[in-house]
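Each chain, written out:
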Amino acid sequence: MKCAAIVGINWGDEGKGRMVDLLTEQYDIVVRYQGGGNAGHTVINDKGKFALHLLPSGIFREGVVNILGNGVALDPENLWKEMSEVTAKGVPVTPDNLKISDRASLLLPWHRDLDELEEKRLADKKFGSTKQGIAPFYSDKYQKKTILAGELFFPDKMKSHLKDLMEWKNLILTGVYGAEPYTMEKLEQWIDEFCAKIRPFVCDTGSFLKEAVKEGKSILFEAQLGSLRDLDYGIYPYTTSSNTTAAYAPIGSGLPSARLSDVIGVVKAYSTCVGEGPFVCEMFGEEADKLREEGFEYGAKTGRPRRVGPIDLVATRYGVEVQAATKIALTKMDILSYLDKIPVCTRYIVDGEETDRFPFPMQLDEARPVIEYVDGWHCDISGVRKWEDLPKAAQDYVCLIEKAIGCPVAYISVGAERESIIYR
Ligand code: GDP
């Protein structure tokens with residue numbers, strides 16, 4: 001039995017969706033174990049171009065069972081919309097290929113409102129939330145003030161539970177933020193319109209996974225965002241509200257006994273970051289605009305222009321450690337083909353001293369990057385499929401990264417399409 005996790009090493013948007021879509025060929029089950037619909041995985045394959053938010057990226061493969069584990073922020077409204085979009089493009093989504101954990105907590109309608117109200121209150125001190133309700137959701141989950149998906153099978157009890165939560169939440173909505181209170185009528189509409197639609201997909205996924213292990217099935221755990229957004233190990237408070245690390249996969253998937261044989265860390269050949277917060281290697285001006293355009297670096301969920309920079313070896317090495325990655329998938333190598341000289345952030349300067357250690361979050365504001373330049377390859381590599389056929393400068397770039405981060409690069413992606421990959 002093979003159990004592997006695929007995770008982001010940096011700030012997210014590394015191309016995980018593209019890698020999961022490719023690797024699902026080798027797995028029977030794909031499980032999303034944390035996060036919600038607040039980020040996007042872009043997947044291009046024979047079925048078309050898709051921006052997935054909550055659905056596991058194995059949804060496109062026939063015979064693969066996709067699971068939304070107990071660790072995800074399950075937003076019935078957005079999930080139903082996403083399922084409908086994917087189905088409309090000819091990809092079947094049925095209770096056979098999508099299973100939702102009965103222990104997943106529901107993201108409730110007020111979570112999105114609270115996200116929006118709090119960002120408005122923070123004004124220029126805002127965190128750059130995607131306003132999908134993720135932080136209010138996880139806060140409430142840990143306060144034990146959400147509803148479990150399995151409660152949908154007990155409608156009367158669920159409504160009474162929801163009413164108690166609503167009464168408490170209305171105190172905050174009206175008292176703290178001066179917003180409109182919720183009514184049960186409104187919530188019942190939400191139950192009928194969205195929860196009822198996803199209910200047929202809800203089941204005991206923990207038992208399903210245990211059985212699958214007994215039968216020797218292989219499982220891929222799919223993470224959202226990257227190491228630097230991990231609640232405990234990331235650039236707090238500019239993190240997400242869940243654990244994006246591979247170590248959380250057994251907990252958030254519903255298979256606490258899982259032992260990972262492989263952790264595939266996805267690293268982009270340069271850096272991008274969405275939203276607020278420290279981003280030491282950030283580039284500005286024309287150099288940044290050019291890289292953003294070449295890499296189409298605009299958020300899959302929000303359309304926001306991403307902040308860009310050279311590959312950051314300090315942050316990437318830290319990300320590899322945090323994920324305990326065993327191999328790396330390096331994506332978007334083709335994007336750097338336009339450069340004569342490729343910038344690389346090799347160290348930071350913190351308190352006047354050069355360091356290769358990723359600093360404590362509060363020190364990141366003062367950290368400055370040390371940028372070195374290496375030779376570019378300056379030719380189109382998007383058609384290359386073999387390591388030997390990569391130009392020497394491109395091979396050197398991969399080897400430099402590999403050496404600096406202490407983890408082998410096993411895949412090199414040279415295009416967004418499924419087959420644009422070099423196995424090494
Ligand atoms: P994710 O959230 O980590 O899955 O990343 P995103 O989907 O937000 O961003 C990755 C983007 O890069 C998507 O638009 C992909 O289609 C695209 N992409 C992934 N790998 C490659 C690659 O090797 N080359 C090019 N040109 N595009 C890629």
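Values in this document were obtained by computation on a predicted structure and should not be read as measured data.

Participant: What is the right way to read the overall build of the chain from this model?
Facilitator: The helix and strand tally for the chain stands at 11 helices and 20 strands. Taken against the 2.2 N^0.38 rule, which gives 22 Å for 424 residues, the C-alpha radius of gyration of the chain at 22 Å falls within 12% of a compact globule. Within the chain, counting contacts between residues at least 6 apart in sequence, those at least 24 apart form 76% of the total. As displayed, the chain has an accessible area near 18000 Å², and 52% of this comes from carbon and sulfur atoms. Computing the positive centroid from 52 side-chain charges and the negative centroid from 63, the chain places the two 3 Å apart.

Participant: What am I meant to see in the site of the ligand here?
Facilitator: Around the ligand lies a shell of 17 residues, among which Lys16, Gly17, Gly40, Thr42 and Ser413 are the nearest. A distance of 3.2 Å separates an oxygen atom of the ligand from a polar atom in the side chain of Asp13. With respect to the ligand, the side chain of Arg306 contributes an N or O atom lying 3.0 Å from an oxygen atom. Protein contacts shield 92% of the accessible area of the ligand, which totals 590 Å² for the unbound molecule. Counting residues per element, the shell around the ligand draws most heavily on helix α1 (residues 16-23), which supplies three residues. By residue class, the composition of the shell around the ligand is three nonpolar, seven polar and seven charged.

Participant: It is not clear to me how the pattern of salt bridges should be interpreted in this structure. Could you clarify?
Facilitator: Pairing of side chains with opposite charge becomes possible as their charged atoms draw close. In total, this model carries 24 salt bridges according to the counting rule given. The partner of Lys341 in a salt bridge is Asp375, and the shortest N-O contact between them spans 2.4 Å. Here the residue Lys341 occupies a position in strand β16 (residues 341-350), and Asp375 occupies one in strand β18 (residues 368-375), the gap between them amounting to 34 residues. The exposure class assigned to Lys341 is partly exposed, which follows from its relative accessible area of 44%. With relative accessibility at 47%, the residue Asp375 sits in the partly exposed group. Connected through shared salt-bridge partners, Asp13, Lys268, Glu297, Arg306 and Lys332 make up one network.

Participant: In this structure, what is going on with the packing of aromatic side chains? I would like to understand it.
Facilitator: Centre distance and the angle of the planes are the two values used to describe a pair of aromatic rings. Scanning the entire structure with this criterion turns up nine aromatic pairs. Both rings, one in Tyr411 and one in Tyr423, keep their centres 5.8 Å apart while their planes meet at 70°; by these two values the pair is edge-to-face. You can see Tyr411 sitting in strand β19 (residues 409-413) and its partner Tyr423 sitting in strand β20 (residues 421-423), a full 12 residues away along the chain. Take Tyr423: its relative accessible area is 44%, and that puts it in the partly exposed class. Counting every residue linked through ring pairs, the aromatic cluster contains Tyr318, Tyr348 and Phe358. The ring of Phe50 has Lys89 sitting right over it, with the charged end atom 4.8 Å from the ring centre. The ring of Phe208 has Lys99 sitting right over it, with the charged end atom 5.3 Å from the ring centre.

Participant: Would you take a moment to explain the packing of helix α10 (residues 313-323) against helix α11 (residues 392-405) for this structure?
Facilitator: A pair of packed helices is captured by two measures, namely the crossing angle of their axes and the spacing between those axes. Interhelical geometry of α10 versus α11 gives an angle of 55° and a closest axis separation of 9 Å. When the axes of α10 and α11 are compared, the pair comes out oblique. Judged by the sense of rotation from one axis to the other, the crossing of α10 with α11 is right-handed. Taking contact as the criterion, the partners of Leu313, Thr316, Arg317 and Val320 in α10 are, on α11, Leu400, Ile401, Ala404 and Ile405. Here the contact of α10 with α11 is composed, by residue class, of six nonpolar, one polar and one charged.

Conventions used here
Residues numbered from 1 in each chain as written. Predicted model: local features only at pLDDT ≥ 70, side-chain atom pairs only at ≥ 80, totals over all residues. Heavy atoms only, no water. Helix = DSSP H or I, 4+ residues; strand = E, 2+ residues; numbered from the N terminus. Rg over C-alpha atoms; globule rule 2.2 N^0.38 Å. Contact = heavy atoms within 4.5 Å. Areas by Shrake-Rupley, 256 points an atom, 1.4 Å probe, with all protein chains shown as cover. Lys, Arg positive; Asp, Glu negative; His and termini not counted. Charge placed at Lys NZ, Arg CZ, Asp CG, Glu CD. Near = heavy atom within 4 Å. Polar contact = N/O pair within 3.5 Å; in protein donor to acceptor, adjacent residues only side chain to side chain. Nonpolar A, V, L, I, M, F, W, Y, C, P; charged D, E, K, R; others polar. Salt bridge = Lys/Arg side-chain N within 4 Å of Asp/Glu carboxyl O. Buried < 20%, exposed > 50% of the residue type's maximum accessible area, 1.4 Å probe, protein only. Phe/Tyr/Trp six-rings, centres within 6.5 Å; stacked < 30°, edge-to-face > 60°. Lys NZ or Arg CZ within 6 Å of the ring centre and 35° of its normal. Axes fitted to C-alpha atoms, helices over the stretch in contact; angles between N-to-C directions. Parallel < 35°, antiparallel > 145°, perpendicular 65-115°, else oblique. Left-handed = near helix turned anticlockwise from the far one by under 90°.

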